Every structure is written in structure tokens, then in C-alpha cells.
Amino acid sequence: MAKSKKLSVGRRNFLKGAAGGAAAWVATSGPLKAQQSEAPRNGSAPILAKEPDPGPISTVEVLTADRPGADFMVDVIKALGFEYVFANPGSSFRGLHESLVNYGGNKNPEFITCCHEESSVAMAHGYAKVEGKPICVLAHGTVGLQHASMGIYNAYCDRAPIFMVIGNTLDAATRRPGVEWAHSVQDAAVLVRDFTKWDDMPLSLQHFAESAVRAYKIATTPPTMPVLLVADGELQETPMPASERPRIPKITLAGPPQGDSGGVAEAAKLLVAAENPVLIADRCARTPAGMKLFTELAETIQAAVVNQNGRMNFPSRHPLDQTERAREVIRNADVILGLEVWDFWGTVNNFRDQLHRTSQPITKAGAKMISISATDLNTRSNYQDFQRFPDLDLSMAADSEATLPALIEACKRLITADRKRAFEERGKKLAEAHLQAEERVRAEASYAWDSSPISTARMAAEIWDKVKDKDWSLVGGRGWAMRLFNFDKHYQHVGGSGGAGEGYGAPSSVGAALANKKYGRLSVSIQNDGDLMYAPGVLWTAAHHKIPLLSVMHNNRAYHQEVMHLQRMANRHQRGITTAEIGTTLKDPFIDYATLARGMGVHGEGPITDPKDLGPALARALDVVSRGEPALVDVVTQPR
Amino acid sequence: MIAMIASALALAQTPAAAPAGNAQNGKKLFARYGCFQCHGYEAQGGLGTGPRLAPKPLAWAALSRYVRQPAGQMPPYTAKVVSDKDLADIYAFLSAQPTPPPAKSIPLLNN
């Protein structure tokens, strides 16, 4: 492979050299002439033999090329089926960029212009969770990747696949002076290697093709995670000779890993025999099939379900849903099954953040705990997102969704008439408890109903009223929407950031909305103000590419989580308990998000402070969105 | 002997019945001391942060004890930073909060 690169580089240099050499023959060659005129010493042979007469030579420098390597790279990208490429432009991938828009026709993939590389990645992250497959992101290998790195980390933590391609110029002899040196690096991927699943730096086009296919396969095999390829600048720009015909290997994806048969049998035995089984789903339903399967498992054994909403796992108004009484059901459980639960330990233990940190189990003595998680197949050392080690009785390193069919069948085989009766009784009690919980939620929502700032319950209820009869998708935000909306389809919720890196929400909503666009779905995001301010240019991207999205600002005028942290510190030290807003609030002046949005080409309305104005404002914004464009309503809200 | 005095002093610092307080000032203090961050401006509660405190707050003795020495996640508000008088004003604010209409009467909550 190295030989090919040298040949490629050699070819380019030959072309340059031929032109240079021709020019040298035209001009007087000072040093050569001097050497040739030097008399031999001591009877030895002349230092330089006389050069033969080259004859007439063309002096026209070759300035164009028909088949740059990047054209083949586009062939590879198209073969992988990417609809879009998200990118903020960068010179280190100028070759690939040009090939995409011209050779590739800017279609499948279409270039989505982003204003920040972190936004590019977060858009890809949101898109991947709706579509269930990765999308391509391009970035500079140095400064672009630095910008992108938090987005990649979020996707890694969230187990979302992203296909990164970064530009770099490895051959120092070909770099333009100045900026290109600051934008070049020996090992481009090292910056993010701790939180990408695989990376490579292909040295030839054939190598690129094989690594691209391998990267796609690795990214999409659970646990799905970001992968990264370096597209060398010379490889992009050097023309392919007619004789070079790299091929794209067959793209065969790996089936997801299922739980071992012994583990499945043991889990089924425990679940069927349990009096109070609890199923906890976090990132369980990778696809719509996962939601169906998980629902089938819950209904088969009439188990209490706690939905941690890392993905859309379970219908929110299903009678078995006990999410509102999670602590109570976990406390009473005799068997707990966690499916892709990010923080199993934190789920079953209570942890106190006081001066002396303490914890105690929530579960009762003797409760059996089972985990099925693909994270156990790929746990890295440096970044500690793997959480504290839980006390499990059974652990399967496998993909939950892939394991569910076998687990359901194993449970069904064990169910006797007696157990069936017990399940029916349990199901009735759970259904009753669910209805009571729903009533409590509605009662809770009624407090501060007419307040200003507007309660988040009121805001969620107003949004729900406007979207409930449409084909909607909550692409950003959670909170009261999770308690009041009726979720029953997989695409209606896509989970959170994974790594809690703020600045994920706005771009991921745009990416998810782009994925929803072709299905005609109404995408709605409850957008935190602080999150938007990291890179508000995403609003421009939504306007420019006509991505229909309703963003409703949850504008509490602060980085509110940090307000509370600072308050905790001040209280602990018994001083300055009125200063928590220093460095944490967004006021003086208040940011005018409606004007910000309009400045980016997005319909903007607000700030809305009277809850009576909210419904009509949402209706106007939805009119805009129904025409295929983004809209934003700024709502000044209570803190949480 | 010392323990008995300390216990008596403690009781004196947290009287059984709520002392009279100024609800208007209490509302300001509720915001100023950061209580609203977790409990909302109307003490209606915050998702994942703090429970609803009003209307019909806990009995004065229980609430004041908890505020000074919380058993859960709440950061402590000792007498050094929030005086008994200020806490009494806050309690008056909580006690004065109106009861909302029943959820069944709110159409948006019955979708």
C-alpha cells in the first residue's frame, strides 16, 4: 500500500518535475553550467558527463486532472448508502468536497452545510437514532476534529454510530506553507481514539475502500459507536491513472450478538418464577422491532416496566408502564432485568451528594439482578462512562434487542397455567397502579398552571394539544413531555445526548428532523436555552436546508443545572447563598431567541411570558413548519 | 447537664407552632435564597430536583428541621445563612399559596 502512495505521489511530482525541468532547460542553468565548465583535476574523469541534447521540449505545465482519487472515494461513500454528509467546509478535504458536489452530483449524499463541527456530529447523532444507521460527517483532521470531539464523545456514550471522515496532509513535502501545517498531524485519530470504536488512515484508494466498508460494519455492529477514517489530502487530489481500478468490497454487515443460551434460560427461569419482576429498559430498542419485542416480553410475563428513555422502548400509556413509580417497584422487586441500562448501579442504589457521600441499596435483600448489555462487549478504560460496577446475579454481554426473541420464547415455554393466573392478577394490579399514577401526574401538572414564568408542565401540555393528532416526533427535550405525551411509536422519542455534553440538543434535533422529513413527520424539540447558545448556527442550517422543525424554547435564562450545583456549594460552606447566579445565568441582557432565530432565517416568536399566549403562538409556528420550514417559539419558563 | 441545655436550646430554636411571618417577604426570600431553583417559583416542585412544597406545606417543626438538616439530597440551609425569622416568612409564603383547580377541570390535562 505504501508503494502505491509513493507511486501516486511520485506521479504528481513527476508531472511537476517534468514541467520544472522543461523550464530549467529554457532558462540558463547557472550552477549546472559552472559545474560543466570546471576542468578535471589530477587527470581524473570529469565530475559531470556531458548531457545529451534533449531536443525540443513542451513548456506547458499540466494544471488539470480528470480522475482525482476523491471521485473514487465518493463512489465508496455512495456505495455505503449515505443520504447526507454533514460538514463545516475545510481545506483538508477540499478534494472530497468538490468530488461530492460535482462528480457525485450533490445527491446521495447531499452536502449539509454546518456552522460548527460539533453541530455536524450532533446532527449525525440525531439522524442515526431516527434512521437506525450512521450518516457521514466530514471535518478537518485537526481543528475540525477538535471542535467535533465532544459530539463524538456524546455519540460514543449514547452508543450511536457516526461515520467520520477527516482530512489530513501527511506528506510534509506537499503541504502548503502556513495554515496547512497547523492543520496537519501525524496521527489524526489519536485525539478521539479513546471514544471511537475503530479508525484507520488509508494509504491508497483500494485501502480506503476496504477500510470504509470495514468501518461501516464496525460502526453498525452493537454496541454501535462512532468510527473514523482519515482521507489523506494527496490521496484525494492525486489523479488516478487509467490503469488503476480499485474495487469496493461487498458490504456485508455482522448480525448483532445475542445472549448465550445458558444465560437466556437462566433469566427466563428467574423472570417466570418471580412474584414482582421489573424490566428496566434504557437503550434497549435500537429499532422499531426492539420496541415491539420488549413490549411482548413485558406482556408475556406481566412485569412492571421502568422506561429510562435512552431510546423509545415502551408505550408510555401502556398499563404495565410503572415509570412514575420506579423507586417503589424497584424497592419491591424480587427480580430485576436491565436491558442496555447505562447506569445499573445508580438505578438500584440511592446516592447522597452531601459533604460525606454515602449510598445505600434501594432493592430488598435477596433481589436477583440480571443485565443484558452490549456495552460489556466494548468497555474502554480512559473515559469513565461505564459507571459503577453493579452487584449482578447474571450478566449477558450481548445486544438486548437481539436477545429478546430467544428470551421471550424461553419464558413462554416455562409458563404454566398457575403462573398464567398469577401473571393476570399481577397485570391487573399494575394496570390499576398505572392509572393512579397518571392521575397523580395530571394533578401535579395543575400546580402553577397559570404562573409566569410559565410552568414546564403547562408548556408541555400546550405543545401536546397542538401535535397530538399529527404524526409527531419529539426530537429534543424530555421533562414533562415524557409524562404527558402519549408515546407509542419508536420514532416519537430518540433519547438524550449520552455523555451529557451540552450543546447536543439543538443540532441533534435538526439532524433527527432531517431524517423525519422524508416521512412527513412533524418534528418538535423542547430546546434548552443554554444548549442552543453553544452553536446557534444550527438554526441557519435548518433554514438553509428547509428542515421542518418546531423548536420551543425552555428558556429558564440560566445554565440551571450549574446554578443548583453552585447553590449546593454555597450552602455547604454556609456563605454566599445568594450568589449562585454568578457565572451561571443568562441575563443582563436576556437573550432574545426569537430575534436570533429570525436573524438565521427561522420564523421566531416570543418571548412568551403569559401562558395564555402560548397556544396561539404555537399554532402560528406550526403553520410555518407545515410548509416545510423551521420555526422557534421562545417561552420563558420556570427553572425545571 | 450540657446535653440537656443543648437540647432545650434546640427546641427553642425550632418552636412547634409556626411563628408569624410575612408572606410577601417570604416570596422574595424564596427566590433570593435559591429555593426556587429546585422547587419552582411557586413551590410547585421541579422535575427531578425538588418536591412540591405548597400549598399545605409540611408542619412547621418538620419543615424547619429538614431545611436545617436535610436527610436527602437537599443542601442544608443552616441558621447561619437563613435566620429563623426569614424561614418563618418563607413558611408564610408557602402557606399562602392557593390550591389549584382540579386537573379534571383543565381541558389540556385531559388529552
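Conventions used here
- Residues numbered from 1 in each chain as written.
- Chains lettered and ligands numbered in written order.
- Predicted model: local features only at pLDDT ≥ 70, side-chain atom pairs only at ≥ 80, totals over all residues.
- Helix = DSSP H or I, 4+ residues; strand = E, 2+ residues; numbered from the N terminus.
- Buried ≥ 20, exposed ≤ 12 C-beta atoms within 10 Å, placed from the backbone.
- Contact = placed C-beta atoms within 7 Å.
- Nonpolar A, V, L, I, M, F, W, Y, C, P; charged D, E, K, R; others polar.
- Axes fitted to C-alpha atoms, helices over the stretch in contact; angles between N-to-C directions.
- Parallel < 35°, antiparallel > 145°, perpendicular 65-115°, else oblique.
- Left-handed = near helix turned anticlockwise from the far one by under 90°.
- Domains from an automatic or database assignment.
- Pairing = 2+ DSSP bridges.
- pLDDT = per-residue confidence, 0-100.
- Arc of directions from axis to C-beta.
- Core = buried A, V, L, I, M, F, W, Y, C linked by C-beta atoms within 7 Å.
- Right-handed = clockwise from strand over helix to strand, strands pointing away.

**Student:** Summarise the overall build of chain A; cite the residues concerned and give the values.
**Tutor:** Secondary structure assignment for chain A yields 23 helices and 18 strands. Overall, the C-alpha framework of chain A stretches about 110 × 60 × 55 Å when taken along its three principal axes.

**Student:** I'd like to hear about the overall build of chain B, residue by residue, with values.
**Tutor:** For chain B, the count of helices and strands is 5 helices and 0 strands. When each of the 111 residues of chain B is scored for burial, the buried share is 36%. Pairs at least 24 apart in sequence give 64% of the contacts found in chain B among residues at least 6 apart.

**Student:** Describe in detail unusual backbone geometry, supporting the description with residues and values.
**Tutor:** Cis peptide bonds are those with omega within 30 degrees of zero, and the linkage from A:Pro222 to A:Pro223 qualifies with 0°. The omega angle of the peptide bond from B:Ala54 to B:Pro55 is 0°, so this bond is cis rather than trans. Within the secondary structure layout, B:Pro55 lies in the loop between helix 3 (35-39) and helix 4 (60-68). For A:Glu340, which is not glycine, the phi torsion reads 55° and is therefore positive. Take A:Glu340: it is sitting in the loop between strand 9 (335-339) and helix 13 (344-348).

**Student:** Quick one: what's the story with the interface of chain B and chain A, residue by residue and with numbers?
**Tutor:** Listed by partner, the interface residues are 30 residues for chain B and 34 residues for chain A. Across the side of chain B that touches chain A, the residue classes tally to 15 nonpolar, 11 polar and 4 charged.

**Student:** Talk me through the packing of helix 16 (residues 456-467) of chain A against helix 23 (residues 614-626) of chain A; I want residue IDs and the actual numbers.
**Tutor:** In helix packing, the relevant descriptors are the interaxial angle and the interaxial distance, both defined with respect to the helix axes. Residues and elements named next belong to chain A. Where helix 16 meets helix 23, the closest approach of the two axes is 10 Å, and the angle between their N-to-C directions is 45°. Of the possible angle classes, the one that applies to helix 16 and helix 23 is oblique. Between helix 16 and helix 23 lies a crossing whose hand is right-handed. For the pair formed by helix 16 and helix 23, the contact residues are Met459, Glu462, Ile463, Asp465 and Lys466 on the first element and Leu614, Gly615, Leu618, Ala619 and Leu622 on the second. Broken down by class, the residue content of the contact of helix 16 with helix 23 amounts to 6 nonpolar, 1 polar and 3 charged.

**Student:** Describe the domain arrangement of chain A, with residues and values.
**Tutor:** Residues and elements named next belong to chain A. The domain boundaries assigned to chain A delineate domain 1 (2-37), domain 2 (69-237), domain 3 (261-443) and domain 4 (446-636). The gap between the C-alpha centroids of domain 3 and domain 4 is 30 Å. Each partner contributes to the interface: domain 3 provides 16 residues, whereas domain 4 provides 14 residues. Of all elements in the fold, only helix 11 (288-301) and helix 15 (417-445) reach the threshold of two or more residues within the side of domain 3 that touches domain 4. In terms of residue count, the dominant contributor to the side of domain 3 that touches domain 4 is helix 15 (3 residues).

**Student:** Account for the sheet that holds strand 15 (residues 522-528) of chain A, with residues named and values stated.
**Tutor:** All names here are of chain A. Strand order in the open sheet made by the 5 strands is 14-15-16-18-17, with parallel pairing throughout. Unpaired on one side and paired on the other, strand 14 (472-476) and strand 17 (603-608) mark the two borders of the sheet. Adjacent strand axes in the sheet meet at a mean angle of 20° when their direction is disregarded. As paired strands, strand 16 (residues 550-555) and strand 18 (residues 631-636) are joined by 6 bridges and run parallel to one another. Paired with leucine 550 across the bridge in strand 18 is alanine 631. The strands that helix 23 touches are strand 15, strand 16, strand 17 and strand 18; relative to strand 17, the one it contacts most, it runs at about 170°.

**Student:** With reference to specific residues and values, describe helix 3 (residues 69-79) of chain A.
**Tutor:** Every α-helical turn comprises 3.6 residues, leaving residues that sit three or four positions apart pointing alike. Residue and element names in this part refer to chain A. Of all 11 residues in helix 3, 8 are buried; the element is thus mostly enclosed. Taken residue by residue, helix 3 has Gly69, Ala70, Asp71, Phe72, Met73, Val74, Val76 and Ile77 as its buried positions. Elements in contact with the buried residues of helix 3: helix 4 (94-103), strand 3 (136-140), helix 8 (205-220), strand 6 (227-232) and helix 9 (233-237).

**Student:** Give a detailed account of the sheet that holds strand 13 (residues 394-397) of chain A, specifying residues and quantitative values.
**Tutor:** Residue and element names in this part refer to chain A. With respect to topology, 5 strands assemble into an open sheet ordered 8-7-9-12-13, the strand pairing being parallel. This sheet does not close on itself; its edge strands, each paired only once, are strand 8 (304-307) and strand 13. Each strand axis lies, on average, 15° off the axis of its neighbour in the sheet, ignoring direction. Pairing of strand 9 with strand 12 (residues 368-373) involves 5 bridges; the strand directions are parallel. Looking at the pairing, isoleucine 336 lines up with methionine 369 of strand 12.

**Student:** Describe the confidence of the model for chain A, listing the residues and the values that go with them.
**Tutor:** Here chain A averages 92 in pLDDT, and 91% of its residues register 70 or above. With pLDDT under 50 throughout, residues 1-44 of chain A is counted as low confidence; its partners more than four residues away or in other chains account for 32 contacts.

**Student:** Got a sec to walk through helix 4 of chain B? Specific residues and values, please.
**Tutor:** Residues and elements named next belong to chain B. Considered for burial, the residues of helix 4 that qualify are Trp60, Ser64 and Val67. Considered in projection along helix 4, the buried side chains sweep an arc of 60° and stay on one side of the axis. Contacts made by the buried residues of helix 4 are with helix 5 (84-96).

**Student:** Residues and numbers for the nonpolar core, please.
**Tutor:** With 168 residues, the main nonpolar core has A:Val137, A:Phe294 and A:Ile336 as its most contacted residues. Here the element with the most residues in this core is helix 6 (residues 143-157) of chain A; it accounts for 8 residues. Those residues in contact with A:Ile336, other than ones at most four positions away along the chain, are A:Val278, A:Ile280, A:Ile330, A:Val348, A:Ala367, A:Met369 and A:Ile370. Ranked by size, the runner-up nonpolar core spans 20 residues in total, among them B:Trp60, B:Tyr77, B:Val82 and B:Leu94.

**Student:** Can you lay out the pairing of strand 2 (residues 110-113) of chain A for me, pointing to particular residues and giving the numbers?
**Tutor:** Residue and element names in this part refer to chain A. Direction of pairing for strand 1 (residues 84-87) relative to strand 2: parallel, over a ladder of 4 bridges. Bridge assignment links phenylalanine 86 to a residue of strand 2, and that residue is isoleucine 112. The parallel pair strand 1 and strand 2, bridged by helix 4, forms a crossover whose chirality is right-handed.

**Student:** Help me get a handle on the confidence of the model for chain B, residues and values and all.
**Tutor:** Of the residues in chain B, 86% have a pLDDT of 70 or more, and the chain-wide mean is 89. Listed scores for the predicted complex are pTM 0.90 and ipTM 0.88.

**Student:** Got a sec to walk through the pairing of strand 11 (residues 358-361) of chain A? Specific residues and values, please.
**Tutor:** The two faces of the sheet receive side chains in turn, since in a regular strand these alternate between them. Residues and elements named next belong to chain A. Note that strand 10 (residues 349-352) and strand 11 share 4 bridges and pair antiparallel. Bridge pairing in strand 11 links phenylalanine 351 to serine 359. Taking the residues that link successive antiparallel strands as the turn, the strand 10-strand 11 hairpin has 5 residues.

**Student:** Before we move on, can you summarise the packing of helix 5 (residues 117-131) of chain A against helix 18 (residues 505-517) of chain A with the specific residues and values?
**Tutor:** All names here are of chain A. The N-to-C vectors of helix 5 and helix 18 enclose an angle of 45°; their axes lie 6 Å apart at closest approach. One finds that helix 5 runs oblique with respect to helix 18. Viewed along their axes, helix 5 and helix 18 form a crossing whose handedness is right-handed. On the side of helix 5, the interface is formed by Ser119, Ala122, Met123, Ala124, His125, Gly126, Tyr127, Lys129, Val130 and Glu131, while helix 18 contributes Pro507, Ser508, Ser509, Val510, Gly511, Ala512, Leu514, Ala515 and Asn516. Across the contact of helix 5 with helix 18, the residue classes tally to 10 nonpolar, 7 polar and 2 charged.

**Student:** Explain the environment of A:Pro639 to me, and be specific about the residues and the numbers.
**Tutor:** Assignment of secondary structure puts A:Pro639 in the segment after strand 18. On a C-alpha basis, the gap between A:Pro639 and A:Tyr127 in space is 29 Å, while along the polypeptide they are 512 residues apart. With residues near it in sequence (within four places) discarded, A:Pro639 still touches A:Asn556, A:His560, B:Phe36, B:Gln37, B:Gly40 and B:Gly46.

**Student:** Please set out the environment of A:Arg483 residue by residue, giving values where relevant.
**Tutor:** All names here are of chain A. Along the polypeptide, arginine 483 turns up in helix 17 (residues 480-484). Its 20 C-beta neighbours within 10 Å are what place arginine 483 among the buried residues. Between the C-alpha atom of arginine 483 and that of alanine 417, which follows or precedes it by 66 residues, the distance is 36 Å.

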